[in-house]
Amino acid sequence: MKIGKATVPRSAITTSNAETIVVRGQDLSRDLIGQVNFGDYFCFLLTGKKPDAAMSAVLNATLVAIADHGLVPSVQAARMTYAAAPEALQGAVAAGILGCGSVILGASEVAGKMFVEIDEEAKKHGGDLREAARVVVSGRRERKQPIPGYGHPEHKERDRRVDALFNLSKKVGGGQHFIEIAQVVEELIPGIVGKDLRLNVSAAIPAVLLGVGFPVTALKGVPILARTASLIAHLNEEMSDPIGFALSYQAMREYEYTGPMPEAAK
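Not measured: the values here are computed from a predicted model.

Draft legend 1. How the structure looks around the overall build of the protein. Of regular secondary structure, the protein possesses 12 helices and three strands. When burial is assessed residue by residue, the protein has 39% of its 266 residues classed as buried. Here the analysis covers contacts within the protein between residues at least 6 apart in sequence; of these, 69% occur between residues at least 24 apart.

The structure is reproduced here in structure tokens:
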């Protein structure tokens, strides 16, 4: 990311004075509060445009799909942080979000960029998505990079959230181009990778969002936003039914020291 040349701080998102708060050109109190749901408002903040029906349905569905999946690492990090510092809810939420990367929560962004790369590659092959996907996936394999959004430690068959999102996208009139790309990749993976890795939700999310015009640069924000809601729910439960230290105790019970020991302790 380049350092900007601007010498004056500026933003097209919001401004305010003593009488009015303006968000993307609209009066917050008159035009937005009570007029839009939060998912649509997120889209409006992000793009400056209110979503059409397809974008609204798909975006809200993806937020629901990725919000929670049990005691995953982000939730465990948040709960253990809250157990250690119960006065800092915001710190516990931040602890859960800080691990959003290419493996956890951030895979949607990486998968989306891969789909866009395949779409661009197809232009070199007369629109042949299959050949373009073969080039891109083979390239990732040769570089020993994972194929983001495929395979899941729990959902060995195709993650059921995938079909739920794909069916919704089709129902509301979302573009199917990137869904087609995602499915072509799934078909090619066994022959390239040597394993039958099925689509998971982290590939389905960018496939449906790109189909309704969601910006690829903001894809990581969807799981971050969704998981934040889940973390607050887990931390509210942690307040009344704490398990943060139990998670730590379980780790210690399974802990094995593999380093050297001083002679006196042997």
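Draft legend 2. Fine view of the packing of helix H7 (residues 129-142) against helix H9 (residues 177-193). Between H7 and H9, the least distance of the axes is 9 Å, while the angle of their chain directions is 55°. Considering their axes alone, H7 and H9 lie oblique with respect to each other. In this structure, the crossing between H7 and H9 has a hand that is right-handed. Residues Leu-129, Arg-130, Ala-133, Arg-134, Val-137, Ser-138 and Arg-141 of H7 form the contact with H9, whose participating residues are His-177, Glu-180, Ile-181, Val-184, Val-185, Glu-187, Leu-188, Ile-192 and Val-193. When its residues are assigned to classes, the contact of H7 with H9 shows nine nonpolar, two polar and five charged.

Draft legend 3. Up close: the sheet that holds strand E1 (residues 14-16). Reading across from one edge, E1-E2-E3 is the order of the three strands in this open sheet, with antiparallel pairing throughout. The two strands at the open ends of the sheet, each matched to only one other strand, are E1 and strand E3 (26-27). In this structure, strand E2 (residues 21-23) lies alongside E3, joined through two bridges in antiparallel fashion. When the bridges of E3 are listed, Val-23 appears paired with Gln-26.

Draft legend 4. Structural detail: the packing of aromatic side chains. On inspection of all chains with the given rule, the structure shows two aromatic pairs. Seen in terms of ring centroids, Phe-245 and Tyr-249 are 6.4 Å apart; in terms of plane orientation they differ by 25°. Their pairing is stacked. Of this pair, Phe-245 and Tyr-249 both sit in helix H12 (residues 244-254), four residues apart, roughly one helical turn. Phe-245 gets classed as partly exposed once you look at its relative accessible area, which sits at 45%.

Draft legend 5. Broad picture of helix H2 (residues 38-47). Within H2, burial applies to Gly-39, Asp-40, Tyr-41, Phe-42, Cys-43 and Phe-44. Buried residues along H2 sit in contact with E2, E3, helix H1 (28-32), helix H3 (53-66) and helix H11 (221-240). For H2, the side-chain oxygen to backbone nitrogen distance between the N-cap and Gly-39 is 3.1 Å, and the N-cap itself is Asn-37. Following H2 by one or two positions, Gly-48 has its phi on the positive side, about 80°.

Draft legend 6. Here's a closer look at the nonpolar core. Phe-115, Tyr-150, Phe-166, Val-185 and Phe-214 are the most contacted members of the largest nonpolar core, which totals 51 residues. Put simply, the parts of the chain that give this core at least two residues each are H2, H3, helix H6 (107-122), H7, helix H8 (160-172), H9, helix H10 (201-211) and H11. Top element by residues in this core is H9. It accounts for 10 residues. Apart from the residues within four sequence positions on either side, Phe-214 is in contact with Phe-42, Leu-46, Met-55, Leu-59, Leu-209, Leu-219 and Val-222. Counting nine residues, the second-largest nonpolar core is a separate cluster that includes Ala-78, Ala-92, Ile-97 and Leu-231.

Conventions and cut-offs
- Residues numbered from 1 in each chain as written.
- Predicted model: local features only at pLDDT ≥ 70, side-chain atom pairs only at ≥ 80, totals over all residues.
- Heavy atoms only, no water.
- Helix = DSSP H or I, 4+ residues; strand = E, 2+ residues; numbered from the N terminus.
- Buried < 20%, exposed > 50% of the residue type's maximum accessible area, 1.4 Å probe, protein only.
- Contact = heavy atoms within 4.5 Å.
- Axes fitted to C-alpha atoms, helices over the stretch in contact; angles between N-to-C directions.
- Parallel < 35°, antiparallel > 145°, perpendicular 65-115°, else oblique.
- Left-handed = near helix turned anticlockwise from the far one by under 90°.
- Nonpolar A, V, L, I, M, F, W, Y, C, P; charged D, E, K, R; others polar.
- Pairing = 2+ DSSP bridges.
- Phe/Tyr/Trp six-rings, centres within 6.5 Å; stacked < 30°, edge-to-face > 60°.
- Polar contact = N/O pair within 3.5 Å; in protein donor to acceptor, adjacent residues only side chain to side chain.
- Core = buried A, V, L, I, M, F, W, Y, C linked by side-chain atoms within 4.5 Å.

Limitation: the analysis is restricted to geometry and does not speak to function.
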